[in-house]
Structure formats: structure tokens, C-alpha cells
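Chain residues, written in single-letter form:
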Amino acid sequence: RTGRAFTGDAPGGSSDFLMAALHRARWASLPTSRSADDGLSLREVYVSIAVRCAPPDNAPMPEEVARCLPHLAAEVRALPQLQTVVALGRIAFDAWLQLLAQEGQRVRPKPAFAHGSVWTMPDGRTLIGSYHPSRQNTNTGRLTPAMFDDVFRLAARSLRTPRL
């Protein structure tokens with residue numbers, strides 16, 4: 001709806017949880033993401049999504065992930081300096097592995113998804129797993145701000161170039 005990933009949720013939703021963590025990590029200028037013209041800017045980070053539509057019951061089918069994979073691939077091609085990927089949820093993690101396989105990168109044995117898991121991809125980039133910042137995960141405490149901050153600290157440490 002807004003043209004920006006993780007934007008426009010109700011206050012306290014996924015977008016606020018994500019942007020607050022990126023703001024604490026100094027990768028976002030604001031701790032919220034309300035609209036495309038809210039002044040938010042990201043530094044050294046790009047937010048993409050594996051599934052580009054709101055599926056029924058917020059549970060995308062494998063076919064939907066497969067249909068959206070070319071869009072993710074195009075975005076990745078436009079990011080030649082990409083070093084680290086933080087996959088927000090198992091669906092994003094598995095979509096990333098599918099993308100690597102499509103690119104001919106060997107992903108055997110398949111890395112297991114877990115919050116805070118770190119895997120070095122065949123091309124040297126880093127894939128980090130994180131629980132998705134959905135209300136279901138944040139309201140139940142499955143994902144806390146401290147846990148999310150830990151994931152972004154892992155991401156910062158994985159970078160080959162020092163942060164600005």
C-alpha cells in the first residue's frame with residue numbers, strides 16, 4: 001500500500017518493532033515507519049520482502065513464495081555490495097535458500113532456521129535467521145527487543161567493512 005516494506009502497520013506493529021531495532025542499531029533515522037513521506041531513511045541497510053502480497057491468514061503458500069522470488073532476485077542483483085542478510089522468519093529464510101539454489105549455489109546441507117543462527121553462504125555472504133517481528137511473536141515474548149537487537153549486532157559484526 002505504501003510502496004515501502006514494513007510501512008503502514010498500526011502503531012506497535014511489525015514495522016515499528018523492526019524500525020525501532022534498526023534505529024537503536026543506528027541504521028534507521030526514525031524508530032517508526034508510518035508512510036512513504038515520513039522522513040525515514042535507512043543507512044547501510046535495505047529492507048526487502050519474500051512475499052509481496054498479504055496472503056489469506058497471513059500464511060503464504062509455497063507457490064506464492066515461488067511467484068515472488070524473481071522480484072527478490074532482481075532486488076539482490078541491484079545490491080552488488082550486499083554482505084549480510086537478516087531473514088525475518090522461516091519463510092524469508094527458506095526463500096533466501098531457494099534464491100541461492102536458483103543461482104546455482106550449493107546449499108547442502110541445508111542450514112537450519114533458528115533465531116540468531118548464522119550461516120556463511122557459498123559466496124561468502126552471511127545469512128542470519130531471526131523470528132519475524134509479527135505481533136504474534138512480539139506480543140507473546142517469543143521475540144523481544146533485546147533478542148532483535150542481538151540479531152542486528154550479529155549483522156553488524158558480520159560486515160567486512162567498518163560501519164560508517
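The coordinates are above.
First things first, this report covers the structure right here in the doc. (Residues numbered from 1 in each chain as written. Predicted model: local features only at pLDDT ≥ 70, side-chain atom pairs only at ≥ 80, totals over all residues. Heavy atoms only, no water.)

Okay, the overall build of the chain next. Counting its secondary structure elements, the chain contains five helices and three strands. Scanning the chain from its N terminus toward the C terminus, one meets helices and strands in the order α-α-β-α-β-β-α-α. By the burial criterion, 40% of the 164 residues in the chain qualify as buried. Here the analysis covers contacts within the chain between residues at least 6 apart in sequence; of these, 51% occur between residues at least 24 apart. Carbon together with sulfur atoms contributes 55% to the accessible area of the chain, which is approximately 9200 Å² in total. (Helix = DSSP H or I, 4+ residues; strand = E, 2+ residues; numbered from the N terminus. Buried < 20%, exposed > 50% of the residue type's maximum accessible area, 1.4 Å probe, protein only. Contact = heavy atoms within 4.5 Å. Areas by Shrake-Rupley, 256 points an atom, 1.4 Å probe, with all protein chains shown as cover.)

All right, on to the sheet that holds strand 2 (residues 118–120) then. Within the open sheet, the three strands sit side by side as 1-3-2. Their pairing is mixed. Pairing within the sheet leaves two strands with one partner each, and these edge strands are strand 1 (84–88) and strand 2. Across the sheet, the mean angle separating the axes of adjacent strands is 20 degrees when strand polarity is ignored. Direction of pairing for strand 2 relative to strand 3 (residues 126–130): antiparallel, over a ladder of three bridges. Bridge pairing in strand 3 links Val-118 to Ile-128. (Pairing = 2+ DSSP bridges. Axes fitted to C-alpha atoms, helices over the stretch in contact; angles between N-to-C directions.)

What follows is about the pattern of salt bridges. Here the idea is simple: oppositely charged side chains can pair when their charged atoms come close. Throughout the structure, instances matching the rule amount to five salt bridges. Residue Lys-110 is joined to Asp-94 by a salt bridge in which the shortest nitrogen-to-oxygen separation is 3.5 Å. Taken together, the residues span a long stretch of sequence, with Lys-110 in the loop between helix 3 (90–102) and strand 2 and Asp-94 in helix 3 at a distance of 16 residues. With its nearest N and O atoms 2.6 Å apart, the salt bridge here joins Asp-150 to Arg-153. Taken as a pair, Asp-150 and Arg-153 lie in helix 5 (residues 145–158) at a separation of three residues, close to a single helical turn. Judged by its relative accessible area of 40%, Asp-150 is partly exposed. Overlapping salt bridges bring together Glu-103, Asp-123 and Arg-125 as one network. (Salt bridge = Lys/Arg side-chain N within 4 Å of Asp/Glu carboxyl O.)

A large share of strand 3 lies buried, amounting to five of its five residues. Hairpin connection between strand 2 and strand 3: a loop of five residues separates the two successive antiparallel strands, and Gly-124 in this loop has a positive phi of roughly 95 degrees.

Extensive coverage of helix 1 (residues 14–24) is indicated by the burial of nine of its eleven residues. For helix 1, the set of buried residues is Ser-14, Ser-15, Asp-16, Phe-17, Leu-18, Met-19, Ala-20, Ala-21 and Leu-22. Looking at the buried residues of helix 1, the elements they touch are strand 1, helix 4 (135–139) and helix 5.

In an α-helix, one turn spans 3.6 residues; hence positions three or four apart end up facing the same way. The terminal C-alpha atoms of helix 2 (residues 62–77) lie 23 Å apart, and with 16 residues this matches the ideal 22 Å at 1.5 Å per residue to within 8%. The largest bend in helix 2 amounts to roughly 35 degrees and is located at Cys-68, with the proline Pro-70 lying one to four residues further along. Of the positions making up helix 2, those classed as buried are Glu-64, Val-65, Cys-68, Leu-69, Leu-72, Ala-73, Glu-75 and Val-76. The inward-facing, buried residues of helix 2 abut helix 3. (Expected span 1.5 Å × (residues − 1). Bend = angle between axes of the 7 residues up to and from the residue.)

With that out of the way, let us pick up the side chain of Arg-125. With respect to the helices, strands and loops of the structure, Arg-125 is situated in the loop between strand 2 and strand 3. Exposure remark for Arg-125: the relative accessible area of 11% places this residue in the buried category. A polar atom in the side chain of Arg-125 sits 2.6 Å from the side chain of Asp-123. Those residues within four positions of Arg-125 in sequence are excluded, and the remaining contacts are Val-76, Leu-82, Gln-83, Trp-96, Leu-100, Glu-103, Gln-105, Trp-119 and Thr-120. (Polar contact = N/O pair within 3.5 Å; in protein donor to acceptor, adjacent residues only side chain to side chain.)

In short, the description is geometric, and any link to function would need to be established separately.
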